[in-house]
Amino acid sequence: MAKVGVFGAGWVGLVTGACLAELGHDVVVRDVVPAKIDALNRGEQPFHEDGIPDLLARNRERLRFTLEASELADREFLFVCVDTPPTPSGDADLSRVWRVIDELPALAGHATLVMKSTVPVGTGEKVRNGLDERGLQALGYVSNPEFLAEGTAVRDFMHPDRVVIGASEAADGDGVAALYAPLEAVILRCDVKSAEMVKLAANAALMTRISFINEIANVCEATGADVVKVAEGVGLDRRLGPHFLRAGIGYGGSCFPKDSLALKQLASNSGYHFQLLAAVIEVNELQKRRVIGKLKAHLGSLQGKRIALLGLAFKPGTDDMREAPSLVLAARLHAEGAEVRGWDPVADGSGLAGVTLVETVAEAVAGADAAVIVTEWPELAGLASPEVHAAMANPVIIDGRNLLDPAATRAAGFVYEGIGRPAPARVAGTD
Ligand code: UGA
């Protein structure tokens, strides 16, 4: 059992702290926001993430929350789990990382600083120099990026595909590797810069697959192929695999948009134009807007039309609205003069421009000229019901996530359009 400190009780910090406690370590999590620490000390979860309440309840003895950095003075490992949002230039803002370093307490014994926050390649070197300048030469440094997806973060931590550990001193890397020993995970040991790059490259590869399949979907629409079958056929190739080939209205969230921009800027600051990544980002921006064109094709002008936006979070299983495609859709619909009602089972959509938020799907679709599935919440799987059909002024469903079965939805009397799926005449084989 090791003594672990975690800076940041945000999503990464809380999941990391709770999971390390679950592995048997003694963990103190420190944050600077009093309301967050108070809530955690009362046993409340500050955001929606499956599995966290159980972990907090089960590990109360080994997991404490504090506002005081000094309470981390006796820790052997200090995890940095603060956010690194984009600056106006698209570079990662490392100010919170530097604040942690400035607030490090006088340490009782040998300790290792472990960077989990997503940072540009070269950050480890800068932090090392910063630590040395502050007289902290004895403090070890390890890059240990996180690969947690929201909604499945606890499972991703406890059953990782790999744990990446980048260190310049082998002993520091050994110490961090030992923390994960109970997981029996594949551990990749490398230098600090390569570990930093693994994180950025993995996210870029996932985004590239999404933009790739979205472009294939757009070509499917132009040619009459069905992207769902195409993705299945492509994914059965063992060299490619089935993951991240779901076409839709683009990726969002707290990581992909920010990390793609940060990697693009990192490359450009180093004198390299990352052409492929620039295209991936642009394809994603355009993809979010395609729904507007589909609505216009069915309804003509959207002025005064009532549109139901179903699902607002950037993906199901989370209440996170950061960079959600719903933000772009709401703003575009508002600009077109549409009357928009938004529904989500957990996310707070109060930041959406000109959207009236409602509690139920029934309220959202009542009198609607079209319903748009923005997030594939399981609650929406039964959308093509007689009740919804009767409630809508115009039974048009635009399925931005290919959640529904096109044939069954059309058979229920709806006008249905997904992403990259063929028009009905071609499906029926009548042409
Ligand atoms: C992502 C990565 O999956 C994690 O490995 C990584 O650790 C994390 O970012 C991070 O950098 O912290 P996350 O943003 O939580 O995790 O969500 P994903 O499940 O990856 O989904 C991202 C977006 O891509 C969502 O908007 C989702 O709807 C979209 N997506 C995903 C697609 O449009 N198609 C797909 O096939 C898969």
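For clarity, every value in this text was computed on a predicted model and none was experimentally measured.

Reading the values: the criteria
- Residues numbered from 1 in each chain as written.
- Predicted model: local features only at pLDDT ≥ 70, side-chain atom pairs only at ≥ 80, totals over all residues.
- Heavy atoms only, no water.
- Core = buried A, V, L, I, M, F, W, Y, C linked by side-chain atoms within 4.5 Å.
- Buried < 20%, exposed > 50% of the residue type's maximum accessible area, 1.4 Å probe, protein only.
- Contact = heavy atoms within 4.5 Å.
- Phe/Tyr/Trp six-rings, centres within 6.5 Å; stacked < 30°, edge-to-face > 60°.
- Helix = DSSP H or I, 4+ residues; strand = E, 2+ residues; numbered from the N terminus.
- Pairing = 2+ DSSP bridges.
- Axes fitted to C-alpha atoms, helices over the stretch in contact; angles between N-to-C directions.
- Salt bridge = Lys/Arg side-chain N within 4 Å of Asp/Glu carboxyl O.
- Near = heavy atom within 4 Å.
- Polar contact = N/O pair within 3.5 Å; in protein donor to acceptor, adjacent residues only side chain to side chain.
- Areas by Shrake-Rupley, 256 points an atom, 1.4 Å probe, with all protein chains shown as cover.
- Nonpolar A, V, L, I, M, F, W, Y, C, P; charged D, E, K, R; others polar.

**Here's the deal with the nonpolar core**
Here is step 1: Grouped together as the largest cluster of nonpolar side chains are 51 residues, with contacts concentrated most on Leu295, Leu309, Leu310 and Leu333.
Here is step 2: Those residues in contact with leucine 295, other than ones at most four positions away along the chain, are Gly300, Leu302, Ile307, Leu333, Ala370, Val372 and Ile398.

**Quick notes on the packing of aromatic side chains**
Here is step 1: Inspection of every chain in the model, using the stated rule, returns 4 aromatic pairs.
Here is step 2: Relative to tyrosine 180, the ring of phenylalanine 157 lies with its centre 5.9 Å away and its plane at 35 degrees, an arrangement referred to as tilted. Of this pair, phenylalanine 157 sits in helix α6 (residues 153–158) while tyrosine 180 sits in the loop between α7 (170–179) and β8 (187–190), and the two are 23 residues apart along the sequence. Note on accessibility: phenylalanine 157 and tyrosine 180 belong to one class, buried.
Here is step 3: Linked through ring pairs, Phe244, Tyr251 and Phe256 together constitute an aromatic cluster.

**A closer look at the sheet that holds strand β11 (residues 355–357)**
Here is step 1: Strands sit in the order β11-β10-β9-β12-β13-β14 across an open sheet of 6 strands; the sheet is parallel. In the strand order of this sheet, the two ends are held by β11 and β14 (415–417), each with one partner. Neighbour to neighbour, the strand axes of the sheet diverge by 20 degrees on average, direction disregarded.
Here is step 2: Pairing of strand β13 (residues 396–399) with β14 involves 3 bridges; the strand directions are parallel. When the bridges of β14 are listed, valine 396 appears paired with valine 415.
Here is step 3: With respect to the sheet, helix α11 (residues 275–299) is in contact with β9 (306–310), β12 (370–373), β13 and β14, its orientation differing from that of β13 by roughly 160 degrees.
Here is step 4: Helix α12 (residues 325–335) rests against β9, β10 (339–343) and β11 of the sheet, and its axis sits at about 175 degrees to β9.

**Observations regarding the pattern of salt bridges**
Where charged atoms from two side chains of opposite charge come close, those side chains can pair.
Here is step 1: Using the criterion set out here, one finds 30 salt bridges in the structure.
Here is step 2: Across the pair arginine 421 and aspartate 226 runs a salt bridge, and its minimum N-O distance is 3.0 Å. Taken as a pair, arginine 421 in the loop between β14 and α16 (424–427) and aspartate 226 in the loop between α8 (192–223) and α9 (227–235) lie far apart in primary sequence, 195 residues in all. Accessibility assignment for this pair places arginine 421 and aspartate 226 in one class, buried.
Here is step 3: In this structure, arginine 239 and aspartate 237 form a salt bridge, with 2.8 Å as the shortest nitrogen-oxygen distance.

**Considerations on the site of the ligand**
Here is step 1: Taken together, 20 residues form the shell around the ligand, and within it Glu146, Glu150, Lys199, Asn203 and Cys255 come nearest.
Here is step 2: Within the backbone of glutamate 150, a nitrogen or oxygen atom sits 2.7 Å from an oxygen atom of the ligand.
Here is step 3: Protein contact buries 94% of the 710 Å² of open area that the ligand shows by itself.
Here is step 4: For the shell around the ligand, the residue count by class is 11 nonpolar, 2 polar and 7 charged.

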